[in-house]
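Listed here are the chains, written in short residue letters.
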Amino acid sequence: MSQSVKIKNALISVYYKDGLAPLVNQLAKSGVNLYSTGGTEQFIKDLGHPVIAVEDLTGYPSILGGRVKTLHPKVFGGILNRRNLEADQAQINQYEIPEIDLVIVDLYPFEETLKNGGTPEEIIEKIDIGGISLIRAAAKNFQDVVILASKDDYTTLLDQLIAQNGETTLEQRRTYAQKAFHTSSHYDTAIFNYFNTSEPLPVFKQSIQSAQTLRYGENPHQAGTFYGNLSDMFEKLNGKELSYNNLVDVDAAVSLIDEFEEPTIAILKHTNACGVASRPELKQAWLDALACDPVSAFGGVIIANRPVDEATAIEINKLFFEVLIAPAYDEAAVTLFQAKKNRVILKRKDVALSNKQFKTLLNGVIEQDKDLQIEGPKAMTSVTTKIASDADLKDLFFANKIVKHTKSNTIVLVKDDVLIASGVGQTSRVDALRQAIEKAKSFGFSVEGAAMASDAFFPFPDCVEIAAEAGITSILQPGGSIKDQDSIDMANAKGIAMVTTGVRHFKH
């Protein structure tokens with residue numbers, strides 16, 4: 001079994017050529033024979049180095065509009081031959097095939113073409129055939145061949161060749177092979193998912209190329225990793241690295257705030273809203289959101305859907321919080337927040353998010369469409385004698401947005417575009433309602449005239465009766481219980497306006 005291998009022949013054919021020149025220069029300086037095609041061949045010539053065209057090696061030109069260039073035994077034989085097998089070496093000599101010790105190749109930009117809205121024809125033409133074959137062949141024969149499938153590794157190999165007199169170790173080649181198979185599997189997953197749309201096969205395939213090791217998971221004894229590139233979505237203006245729990249809360253905050261068009265601030269704790277308010281001025285939205293539950297707001301995650309100005313920042317700065325998210329900040333606001341180095345300040349970028357959700361469960365994975373539906377006044381059906389006023393419908397819509405993003409069983413109470421209390425994650429809807437009423441009173445809110453939203457139907461009329469006793473005057477619920485009429489009758493008896501939406505919003 002070979003260990004250190006000196007590079008004598010290299011095949012280079014890449015789509016992206018930035019960062020390649022220093023490595024090519026070093027290979028040429030070391031006397032390595034360079035083979036190449038098309039634009040890369042010209043690139044090497046422009047650097048002043050001799051280069052052998054693959055067409056001259058194979059005796060065949062590039063054909064079919066460039067679809068076939070390197071698919072030939074004289075190329076793949078040179079890559080796949082096993083140096084320690086006499087039979088392989090005999091055939092290599094018989095057919096005058098040069099041993100290729102290094103393959104530098106990347107792939108056509110399939111994902112980029114898809115992301116940029118390419119036509120079906122353009123997308124199909126960016127499915128690489130020769131490149132992916134070269135990567136797999138060289139990676140398979142890592143015992144004798146170095147494969148570079150990413151420009152990120154150019155500098156690493158350059159340093160190794162300089163330090164090791166043009167040689168690579170078996171461990172180094174195996175590492176490059178590992179990365180190459182990651183590149184090829186990610187590429188194939190993207191292509192499969194492109195095709196697996198109209199009549200999808202019942203399979204689960206996901207591939208994310210970047211990852212960030214977290215300090216720990218949900219608790220210190222659990223390891224944690226985030227797969228993805230947070231810098232695509234946020235610019236971090238201040239603070240420590242986000243923790244696992246921070247990320248879960250930030251995800252919940254983003255989902256919630258995207259429901260609102262008016263200037264709005266939401267405060268979340270353990271993924272549940274403990275303060276939400278919409279106001280013409282962001283500063284007032286903050287003050288009203290904080291008033292809902294200033295105790296739970298301590299150490300929470302805050303999100304705004306408008307730029308944070310200095311006046312708002314001064315008020316927010318009075319509270320200890322973990323993370324603040326906004327689309328922009330006044331310079332003075334950033335300076336103020338940066339006074340505390342650990343506080344995370346994120347500037348949100350405009351990034352399209354997936355419409356799917358998945359997680360591991362039992363011995364598999366479950367996937368679902370995201371709950372992207374929300375029912376406004378036009379989707380609300382009045383079912384009681386008393387008809388909800390326009391003001392009632394406005395508050396019920398506000399409450400429905402929040403209840404959709406709150407842990408079941410949940411009841412949300414709203415008054416004048418402000419969350420005044422919620423009952424969260426209770427095993428009984430009655431308990432959730434009582435919790436919400438008690439919490440509102442504990443922070444000085446009157447429940448008289450409040451709007452109430454439930455994430456699911458009422459199987460019994462008890463919640464309606466309790467709501468009436470507290471002074472709640474309008475209720476939104478999905479309906480759908482075989483005992484809906486009992487709750488409707490109770491609402492009529494108590495003079496409450498009730499609307500149904502026909503859509504349940506459980507959140508587990």
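Our subject in this report is the structure included herewith. Since this is a predicted model, take the numbers as computed values, not measurements.

All right, on to the environment of Tyr60 then. Tracing the backbone through its elements, the reader meets Tyr60 in the loop between α3 (54-58) and α4 (73-80). Separated by 10 residues in sequence, Tyr60 and Thr70 place their C-alpha atoms 9.4 Å apart. What Tyr60 contacts, discounting residues up to four positions off in sequence, is Glu55 and His72.

What follows concerns the sheet that holds strand β12 (residues 272-278). Pairing in this open sheet of six strands is mixed, and the strands run β10-β15-β14-β13-β11-β12 from one edge to the other. The open sheet has two free edges, formed respectively by β10 (234-238) and β12, since each of these has just one partner strand. Shown here is a sheet whose adjacent strand axes are inclined to one another by a mean of 20 degrees, direction ignored. Of the strand pairs in this sheet, strand β13 (residues 301-304) and strand β14 (residues 323-326) are connected by three bridges, and their pairing is parallel. When the sheet's bridge partners are listed, Ile303 is paired in β14 with Ile325.

Before going further, it helps to spend a moment on the nonpolar core. One finds Leu23, Leu27, Leu34, Ile79, Val103, Ile104 and Ile147 to be the most contacted residues of the largest nonpolar core, which totals 51 residues. Top element by residues in this core is helix α10 (residues 170-195). It accounts for seven residues. Judged by nonpolar contacts, the second largest core, of 40 residues, contains Leu256, Leu393, Ile402 and Ala451.

The next point concerns the environment of Ile411. Turning to its location among the elements, Ile411 is positioned in strand β19 (residues 411-414). The class of Ile411 is buried, set by a relative accessible area of 0%. Each C-alpha atom of the pair Ile411 and Ala421 lies 8.5 Å from the other, and the pair is 10 residues apart in sequence. Contacts of Ile411, omitting those with residues within four sequence positions, involve Ala421, Ser422, Gly423, Arg429, Ala432, Leu433, Ala436, Met452, Ala453, Ser454 and Phe458.

How two aromatic rings sit relative to each other is given by the distance of their centres and the angle of their planes. Tallying each qualifying case throughout the model produces 10 aromatic pairs. Where Tyr15 meets Tyr108, the ring centres are 6.0 Å apart and the plane angle is 70 degrees; that geometry is what we call edge-to-face. Placement of the pair is Tyr15 in the loop between β2 (9-13) and α1 (21-29) and Tyr108 in the loop between β5 (102-105) and α6 (110-115), with a sequence separation of 93 residues. In this structure, Lys151 is placed above the aromatic ring of Tyr16, and the distance from its NZ or CZ to the ring centre is 5.3 Å.

Calculation rules
- Residues numbered from 1 in each chain as written.
- Predicted model: local features only at pLDDT ≥ 70, side-chain atom pairs only at ≥ 80, totals over all residues.
- Heavy atoms only, no water.
- Helix = DSSP H or I, 4+ residues; strand = E, 2+ residues; numbered from the N terminus.
- Contact = heavy atoms within 4.5 Å.
- Pairing = 2+ DSSP bridges.
- Axes fitted to C-alpha atoms, helices over the stretch in contact; angles between N-to-C directions.
- Core = buried A, V, L, I, M, F, W, Y, C linked by side-chain atoms within 4.5 Å.
- Buried < 20%, exposed > 50% of the residue type's maximum accessible area, 1.4 Å probe, protein only.
- Phe/Tyr/Trp six-rings, centres within 6.5 Å; stacked < 30°, edge-to-face > 60°.
- Lys NZ or Arg CZ within 6 Å of the ring centre and 35° of its normal.

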